[in-house]
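Here's the letter readout for the chains.
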Amino acid sequence: MKITRMQWLYGVAGVAAVVGLAAFSEWRHQPEPLPAKWQPQVRTKGQVYPVPQSWLVTEEGKIAHDLVLPDTLPKPVPFDFDKADGHWFWHKSRREVSLAYFRHLCDTEAGEWILEKPKDVEGLYFARPEKDPTDDYLGDVYGPEAPWVEREFQLMSDNVDGRGGQFVRPPFRNYRFVEEPWRDLPWQQDIYTPYIRIFGYQAEFKRNKFNRVTEVKEISPMQMEGINELRSRYGYTWRGIRRPRDR
């Protein structure tokens, strides 16, 4: 069989098209390069993947990422982006692939786990307080370490009443006290101890026939004191999302 010059050109073009589509498929699924703010990456005791070193600049951050969770909790399950994208000559949209990945995370990793139910907890240690994040910071894909958590701090006044009110404000938030590490902030400038304790807020309130609070009257304002040792037996901390595609 004699191959004409035109058939040969068509064959070369076809091979080139196949190679080009294959290369495009591979290119589509390469993760975006990490921004400078996420480099260098370092290992921690409690995380499966390395994390940006910038997340560990505070002692509270180091402790959060070194916490080792129980083996009973689910471990990350790899996701096949190529398979989710479809055949090499017919690609799904980025939105479809993103939704498939989101469902994968929901099925394999998402959830809430209660390992112990403590009783008679009067107060807690808020182990990793954060300053008020800006709109630009929250709007940056690689800005906040844990967007869902850190957005709450934007609505939280960074003063004794605002910080304490997240935990100590009856009849809705009924801890008797909350403790935090001392930070170099204007409202803590007269304290020179490693920790602070916020406490003392009391109020009278009325309920209607549906048991809903209709009126709250403050009896005692929020107070703060410096402390050298924690009274709390339990604490609250948080840590961030490491995988770039999760962003």
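Heads up: the structure comes first, above all this text.
All of the points below concern the structure found in this document. All figures in this text were calculated on a predicted structure; none of them were measured in a lab. Positions within a chain are numbered from 1, following the residues in the order the chain's sequence is written. Only residues with pLDDT of 70 or above have their local features reported here, since the model is predicted, and side-chain atom pairs are shown and tallied only from 80 upward, although totals for entire chains, interfaces and linings are computed over all residues. Note that the side-chain values use all heavy atoms of the structure and ignore hydrogens as well as water.

### Concerning the overall build of the chain
Step number 1: Secondary structure elements are taken from DSSP: a helix is a run of H or I of four residues or more, a strand is a run of E of two residues or more, and numbering for both begins at the N terminus. Helix and strand counts for the chain come out as 7 helices and 11 strands.
Step number 2: When the 247 residues of the chain are sorted by exposure, 31% land in the buried category.
Step number 3: Note on contacts: a residue pair qualifies if any of its non-hydrogen atoms lie within 4.5 Å across the two residues. Excluding contacts between residues fewer than 6 apart, the proportion of contacts in the chain whose partners are at least 24 apart in sequence is 62%.
Step number 4: Note on areas: Shrake-Rupley, 1.4 Å probe, and residue coverage restricted to the protein chains presented here. Accessible surface, the chain as shown: approximately 17,300 Å² in total, 55% of it carbon and sulfur. When a residue's accessible area, from a 1.4 Å probe over protein chains only, is under 20% of the maximum for its type it is buried; when over 50% it is exposed; and in between it is partly exposed.

### Some words on a nonpolar patch on the surface
Step number 1: Patch membership requires over 30% relative accessible area and the absence of a salt bridge. Like charges are linked within 9 Å, and nonpolar side chains (Val, Leu, Ile, Met, Phe, Trp, Tyr) within 5 Å. Salt bridge, as used here: a side-chain nitrogen of Lys or Arg that lies within 4 Å of a carboxyl oxygen of Asp or Glu. On the surface, F172, F205 and V216 cluster together into a nonpolar patch covering about 290 Å² of accessible area.
Step number 2: With respect to the helices and strands, F172 occurs in the loop between β4 (168-169) and β5 (173-174).

### Some thoughts on the nonpolar core
Step number 1: In plain words, nonpolar cores are sets of buried Ala, Val, Leu, Ile, Met, Phe, Trp, Tyr and Cys residues tied together by side-chain atoms within 4.5 Å. F153, F167, V168, V178 and I198 are the most contacted members of the largest nonpolar core, which totals 18 residues.
Step number 2: At the level of elements, β3 (123-126), α6 (147-154) and β7 (195-199) are the ones that each hand at least two residues to this core.
Step number 3: Residues contacting F153, with those up to four places away along its chain left out, are F126, R128, P129, E130, K131, D132, P133, R163 and W238.
Step number 4: Membership of the second largest hydrophobic core comes to 6 residues, among which are V42, V51, W55 and L56.

### Examining the pattern of salt bridges
Step number 1: Enumeration according to the criterion identifies 13 salt bridges in this entry.
Step number 2: D140 is the partner of K37 in a salt bridge, and the nearest nitrogen-oxygen pair spans 2.4 Å. Pair noted here: K37 is in the loop between α1 (5-28) and β1 (41-42) and D140 is in the loop between α5 (135-139) and α6, with a separation of 103 residues, a long-range link.
Step number 3: Take K37: its relative accessible area is 40%, and that puts it in the partly exposed class.
Step number 4: Take D140: its relative accessible area is 26%, and that puts it in the partly exposed class.
Step number 5: For R243, the salt bridge goes to D246, with nearest N and O atoms at 2.9 Å.
Step number 6: The class for R243 is buried, based on a relative accessible area of 17%.

### Focus: helix α4 (residues 94-108)
Step number 1: One fewer than the residue count of a helix, multiplied by 1.5 Å, yields its expected span. The end-to-end C-alpha separation of α4 is 21 Å, in line with the 21 Å expected for 15 residues at 1.5 Å each.
Step number 2: All of the buried residues in α4 are V97, Y101, H104 and L105. For α4, the arc enclosing every buried residue in end-on projection is 95°, short of the 170-degree limit, so these residues lie on one face. Facing away from the buried side of α4 by more than 90 degrees, the exposed set consists of R95, F102 and D107.
Step number 3: Turning to α4, the residues buried within the fold contact α3 (81-85). Read the arc as the range of directions from the helix axis to the C-beta atoms.

### Re the packing of aromatic side chains
Step number 1: Between 30 and 60 degrees the pair is tilted, below 30 it is stacked and above 60 it is edge-to-face, where a pair is any two Phe, Tyr or Trp rings, Trp via its six-membered ring, whose centres lie within 6.5 Å. Scanning the model with the defined rule gives 10 aromatic pairs in all.
Step number 2: Between the aromatic rings of W38 and Y142, the centroid separation amounts to 5.1 Å while the plane-to-plane angle is 80°, which identifies the pairing as edge-to-face. Pair noted here: W38 is in the loop between α1 and β1 and Y142 is in the loop between α5 and α6, with a separation of 104 residues, a long-range link. Neither W38 nor Y142 differs from the other in exposure class; each is buried.
Step number 3: Ring geometry for F79 and F81: centres 4.8 Å apart, planes at 85°, overall edge-to-face.
Step number 4: In this structure an aromatic cluster arises from ring pairing among F126, F153, F167, Y236 and W238.
Step number 5: Geometrically, a charge over a ring is one whose NZ (Lys) or CZ (Arg) sits within 6 Å of the ring centre while staying within 35 degrees of the ring normal. Taking NZ or CZ as reference, R169 lies 4.6 Å from the ring centre of Y201, over its face.
Step number 6: Just above the ring of F177 sits the side chain of R231; from NZ or CZ to the centre is 4.7 Å.

Scope: geometric values only; no functional claims are made or implied.
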